[in-house]
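Next come the chains, spelled out residue by residue.
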Amino acid sequence: MPCSFQKSKLALWGLLVFALVSIVSGLAAHQWGFFEQFSSLERGGISATERQYAEQRADLCGAGNATGIGLKGDYFTNLNASGSPASSRIDKLIDFDAAFEAPRTATEALVSPQSIRWTGWVKPPLNGRYRFHFDAPGVTVTVANQVVSGAGAKPNAEIEMAIGRFYPVLIEAKSIDTSYPGRWRLEWTAPHGLRYVVPTALLFIPSSP
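Calculation rules
- Residues numbered from 1 in each chain as written.
- Predicted model: local features only at pLDDT ≥ 70, side-chain atom pairs only at ≥ 80, totals over all residues.
- Heavy atoms only, no water.
- Buried < 20%, exposed > 50% of the residue type's maximum accessible area, 1.4 Å probe, protein only.
- Helix = DSSP H or I, 4+ residues; strand = E, 2+ residues; numbered from the N terminus.
- Pairing = 2+ DSSP bridges.
- Salt bridge = Lys/Arg side-chain N within 4 Å of Asp/Glu carboxyl O.
- pLDDT = per-residue confidence, 0-100.
- Contact = heavy atoms within 4.5 Å.
- Axes fitted to C-alpha atoms, helices over the stretch in contact; angles between N-to-C directions.

**Comments concerning the pairing of strand E1 (residues 71-76)**
And then number 1: Of all the six residues making up E1, five are buried; the element is thus mostly covered by neighbouring parts of the structure.
And then number 2: Across five bridges, E1 lies against strand E2 (residues 87-91) in antiparallel orientation. Note that in E2 the partner of Lys72 across the bridge is Ile90.
And then number 3: The sheet contact formed by E1 and strand E4 (residues 115-122) spans five bridges and is antiparallel. Residue pairing across strands places Gly73 opposite Trp118, the latter belonging to E4.

Written as structure tokens, this is what we have:
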């Protein structure tokens, strides 16, 4: 009897151990499967987001519009930049003295402009709010249909812009005061607080984008 009872006890303990191992193994397998599924979903979500961002970046910064060349300048021999310009050209930078490095007409005659209009697109390098500056008198700067400098602009006017996007820009000098001692410059104060001339690489002629 004692021997038989001992064998039965050992058999019972064996069954209990087997059952416990089976339960633990099942729980581990279930938990591993859950984490595998979660990890897969997480990876899929991240991949989808990255693809979306990549597509957006490709649309905004493709090879055809990666680098600007300047703005189109129309030079008039009358006031108010009206009628047909006497001469047109691409100006890489809006940074001139009062002589404006006088452009030439189609017949190579020098133009002494009385008014100027620059048109094109600007493409900001950072997200945030920008302040545009054009200190010469009688000059108005309009970006995305909002007057940001000159007559009609609010004091310290700012405009919110997003990285990589194109914004239409219009600069009108309806009369040129040759006695103004400073330079004619299109500048901005970027979101990081620095003020500088808007560079060529961020300026595009009207048909570029």
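That was the structure; now back to the text.
**Let's talk about the pattern of salt bridges**
And then number 1: Following the criterion strictly, the structure yields nine salt bridges and no others.
And then number 2: Put simply, Asp74 and Arg117 hold a salt bridge, and the shortest N to O gap is 3.6 Å. You can see Asp74 sitting in strand E1 and its partner Arg117 sitting in strand E4, a full 43 residues away along the chain.
And then number 3: Two residues, Asp135 and Arg195, come together in a salt bridge whose shortest N-O distance is 2.9 Å. Of this pair, Asp135 sits in the loop between strand E5 (128-133) and strand E6 (139-143) while Arg195 is found in strand E12 (residues 195-197), placing the two residues 60 residues apart along the sequence.
And then number 4: Among the residues examined, Arg195 registers a relative accessible area of 40% and is labelled partly exposed.
And then number 5: Taken together, the salt bridges that share partners define one network made up of Lys72, Asp74 and Arg117.

**What to know about the confidence of the model for the chain**
And then number 1: Averaged over the chain, the pLDDT score is 75; the fraction of residues at 70 or greater is 61%.
And then number 2: Across residues 27-64 the pLDDT falls below 50, and counting only partners more than four positions away or on other chains, this stretch makes nine contacts in the model.

**With respect to the sheet that holds strand E11 (residues 187-189)**
And then number 1: Ordered in space as E8-E5-E11-E12, the four strands form an open sheet in which the pairing is antiparallel. Both edges of this open sheet fall to strand E8 (159-161) and E12, since each of them pairs with a single strand only. Averaged over all pairs of adjacent strands, the angle between strand axes in this sheet comes to 40°, irrespective of strand direction.
And then number 2: As paired strands, E5 and E11 are joined by three bridges and run antiparallel to one another. Bridged to Phe132 within E11 is Trp188.

**Considerations on the pairing of E5**
And then number 1: Note: E5 against E8, three bridges, orientation antiparallel. From the neighbouring strand, Arg129 faces E8, where its bridge partner is Glu160.

**Quick notes on the environment of Ala151**
And then number 1: One can find Ala151 in the loop between strand E7 (146-149) and E8.
And then number 2: By relative accessible area, Ala151 is classed as exposed at 64%.
And then number 3: In the structure, Ala151 is positioned 13 residues away from Gly138 in sequence and 7.5 Å away in space, judged by C-alpha atoms.

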